[in-house]
Amino acid sequence: MEIALLGLPKSGKTTIFNALTGSTAATSAFASGKAEPNIAIVKVPDERVGKLSEMYTPKKTTYATVKYVDVAGIGGDGSEHGVPEALLQHVGKSDALIAVVRGFSDDMQGAPNPVSDAESIHMEMVFSDMAKVENRLARIDKSIGKITGREKDMMVHEKDALEKIKPALESNLPVRSVELSEEEGKSIRGFQFLTAKPTLYIVNVGEDGMADGPSLAAKVREAVGGYPGTMAEWFAGEVEMEIARLDGDDRTMFLSEYGLESPAGERMIRLSYDLLGYISFLTAGADEVRAWTIIKGSSAPQAAGVIHSDFERGFIRAEVIGFDCLMEYNGFANAKKAGKVRLEGKSYIMSDGDVVNFLFSV
Ligand SMILES: Nc1nc2c(ncn2[C@@H]2O[C@H](COP(=O)(O)OP(=O)(O)O)[C@@H](O)[C@H]2O)c(=O)[nH]1
Ligand SMILES: [Mg+2]
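Remember, predicted model here, so these are calculated numbers, not experimental data.

Draft legend 1. Just the overall build of the protein, in detail. A tally of helices and strands in the protein yields 14 helices and 12 strands. Taken over C-alpha atoms, the radius of gyration comes to 23 Å for the protein, in line with the 21 Å a tight globule of 362 residues would show. The C-alpha extent of the protein, read off along each of the three principal axes, is 65 × 65 × 35 Å. Going through the 362 residues of the protein one by one, you find that 48% of them count as buried. The long-range share in the protein, meaning contacts at least 24 apart out of those at least 6 apart in sequence, stands at 69%. Accessible surface computed for the protein: about 17900 Å², of which carbon and sulfur atoms make up 49%. Computed over 40 positive and 53 negative side-chain charges, the inter-centroid distance for the protein is 7 Å.

Draft legend 2. Representation of the domain arrangement of the protein. Here the protein is described as being made up of domain 1 (2-45 + 63-113 + 197-276), domain 2 (124-194) and domain 3 (297-360). Placing a centre on the C-alpha atoms of domain 2 and another on those of domain 3 gives a separation of 39 Å.

Draft legend 3. Examining the sheet that holds strand E4 (residues 65-70) more closely. Reading across from one edge, E2-E4-E1-E5-E6-E7 is the order of the six strands in this open sheet, with mixed pairing throughout. Because the sheet does not close on itself, it has two edges, and the strands there are strand E2 (38-43) and strand E7 (230-235). Across the sheet, the mean angle from the axis of one strand to that of its neighbour is 25 degrees, orientation sign disregarded. Across the sheet, helix H7 (residues 213-224) is in contact with strand E6 (199-204) and E7; its angle to E7 comes to roughly 160 degrees. Here helix H10 (residues 264-276) sits on the sheet and contacts strand E1 (2-7), E2, E4, strand E5 (96-102), E6 and E7; the angle it forms with E7, its principal contact strand, is near 170 degrees.

Draft legend 4. Seen up close, the nonpolar core. Counting 41 residues, the largest nonpolar core has Leu20, Leu52, Tyr68, Ile98, Phe235, Met268 and Val355 as its most contacted members. The element contributing the most residues to this core is H10, with seven residues. Beyond its immediate sequence surroundings of up to four residues, leucine 52 is in contact with Leu282, Ala284, Val289, Phe323, Leu326, Met327 and Val355. Listed in part, the 33 residues of the second largest apolar core include Ala4, Leu8, Ile121 and Leu260.

Draft legend 5. Region of the structure containing the pattern of salt bridges. Inspection of the entire model under this criterion finds 19 salt bridges. Measuring nitrogen to oxygen at the nearest pair gives 3.9 Å for the salt bridge that ties lysine 166 to glutamate 170. Residue lysine 166 and its partner glutamate 170 are both found in helix H5 (residues 149-170); the two are separated by four residues, about one turn of the helix. Among the ionic contacts, a cluster of salt bridges with common partners joins Asp46, Arg48 and Asp352.

Draft legend 6. Structural detail: the packing of aromatic side chains. Tallied over the full model, the rule gives six aromatic pairs. Taking the centre distance of 6.0 Å and the plane angle of 85 degrees together, the rings of tyrosine 273 and tyrosine 278 count as edge-to-face. By relative accessible area, which is 10% here, tyrosine 273 ends up buried. Classification of tyrosine 278 by relative accessible area gives buried; the value is 16%. With 6.4 Å between their ring centres and 15 degrees between their planes, phenylalanine 281 and tryptophan 292 make a pair best called stacked. You can see phenylalanine 281 sitting in strand E8 (residues 278-284) and its partner tryptophan 292 sitting in strand E9 (residues 288-295), a full 11 residues away along the chain. You can call tryptophan 292 buried: its relative accessible area is 10%. Through pairs of rings, three or more aromatic residues link up here, namely Phe281, Trp292, Phe315 and Phe358.

Draft legend 7. Inspection of the side chain of threonine 62 at higher detail. With respect to the secondary-structure elements, threonine 62 resides in strand E3 (residues 60-62). Threonine 62 sits in the buried class, given a relative accessible area of 16%. Contact partners of threonine 62, with chain neighbours within four places excluded, come to Val49, Glu288, Val289, Arg290 and Ala291.

Draft legend 8. Representation of the environment of isoleucine 295. For isoleucine 295, the location among the structural elements is in strand E9. Between the alpha carbons of isoleucine 295 and tyrosine 278 there is a distance of 4.5 Å; along the sequence they are 17 residues apart. The contacts of isoleucine 295, once residues within four sequence positions are left out, are Gly277 and Tyr278.

Draft legend 9. How the structure looks around the packing of helix H4 (residues 114-143) against H5. At a minimum axis distance of 10 Å, the contact between H4 and H5 shows a crossing angle of 145 degrees. Considering only the axes of H4 and H5, their crossing is left-handed. For the pair H4 and H5, contact is made by Val126, Asp129, Met130, Val133, Glu134, Arg136, Leu137, Ile140, Asp141 and Ser143 and by Met155, Glu158, Lys159, Leu162, Glu163, Ile165, Lys166, Leu169 and Glu170, respectively. For the contact of H4 with H5, the per-class residue count stands at nine nonpolar, one polar and nine charged.

Procedures and definitions
- Residues numbered from 1 in each chain as written.
- Chains lettered and ligands numbered in written order.
- Predicted model: local features only at pLDDT ≥ 70, side-chain atom pairs only at ≥ 80, totals over all residues.
- Heavy atoms only, no water.
- Helix = DSSP H or I, 4+ residues; strand = E, 2+ residues; numbered from the N terminus.
- Rg over C-alpha atoms; globule rule 2.2 N^0.38 Å.
- Buried < 20%, exposed > 50% of the residue type's maximum accessible area, 1.4 Å probe, protein only.
- Contact = heavy atoms within 4.5 Å.
- Areas by Shrake-Rupley, 256 points an atom, 1.4 Å probe, with all protein chains shown as cover.
- Lys, Arg positive; Asp, Glu negative; His and termini not counted.
- Charge placed at Lys NZ, Arg CZ, Asp CG, Glu CD.
- Domains from an automatic or database assignment.
- Pairing = 2+ DSSP bridges.
- Axes fitted to C-alpha atoms, helices over the stretch in contact; angles between N-to-C directions.
- Core = buried A, V, L, I, M, F, W, Y, C linked by side-chain atoms within 4.5 Å.
- Salt bridge = Lys/Arg side-chain N within 4 Å of Asp/Glu carboxyl O.
- Phe/Tyr/Trp six-rings, centres within 6.5 Å; stacked < 30°, edge-to-face > 60°.
- Left-handed = near helix turned anticlockwise from the far one by under 90°.
- Nonpolar A, V, L, I, M, F, W, Y, C, P; charged D, E, K, R; others polar.

Next up, the structure:
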């Protein structure tokens, strides 16, 4: 899973990035698209992986990971208006966006206005997508009469999709709110529209503003959160960045002192899984214990395909047991003897925490 942070300059994107990743290295240097973005890959905490690992003592234990990319500010920084090209490049591959809005007062920038900032970010993303749509439609109009066959069919799907998207964007609606057929959806995937991506707005409050966090997040939710694939929450970037740098007991103590239920990194991962509708399944053996991420509603062959495309193509059956049941029976072999391991076919829909052994032929 890859998630890109964006927002207006000086909203605290890099501070939040540091809070999420426990990074001390990331700086605010990446301002106008000249430097490289801050990138960190963090483990998805999952105690089931640890417990399976104790049971199987495998050669290798692999957690699911999230890659965070902290790119550049959108508009308003004087150097460049709109969404910088560098940001578009780095955001393209991401599965979701975190839009950081300032919720703290600042000597230079004054009192915060998270609702208006969130609306500005939304509009900048809408404009960026609109420019792509208009460009592409103009090109399609020029070339659609000159081609035939399959190529033409594909271009027709693309044109249909873009003609549904254009009026939506004109009404300030995100691409993710437009219903497209499967072909139409495929035809526009390459554009990586910003407003097609699930988006989590984060109000970044200061230490003295933590009590207002929930109400500010609620206001942002009301303003821009009504679209599908949109959420709004709050973090205390600076405080949580400091906490992320502590270890063990100190961390626990400060979290409870500030009334935070868990470290920023863990909260963000849970929010991201919710936003994207992701769940995890597990594989366990002597070689490797590993957690995998899939979209809720994935079938067993689709889950197998996350491991390897051959597994999906040659899928025969899956041996499945829930994690808790596996623990209760102290391992696959015992659970199997007790008849607790199910044999599931192609139409099985995966559950969170399924421990799976795929049977396939290649
Ligand atoms: N008071 C206060 N300042 C913050 C907070 N978060 C970030 N800042 C400050 O705001 C400035 C911009 O933060 P930065 O993370 O670099 O913003 P970016 O430009 O969006 O990456 C820095 O001087 C931070 O120290 C916060 O929660 N409270
Ligand atoms: Mg920054």
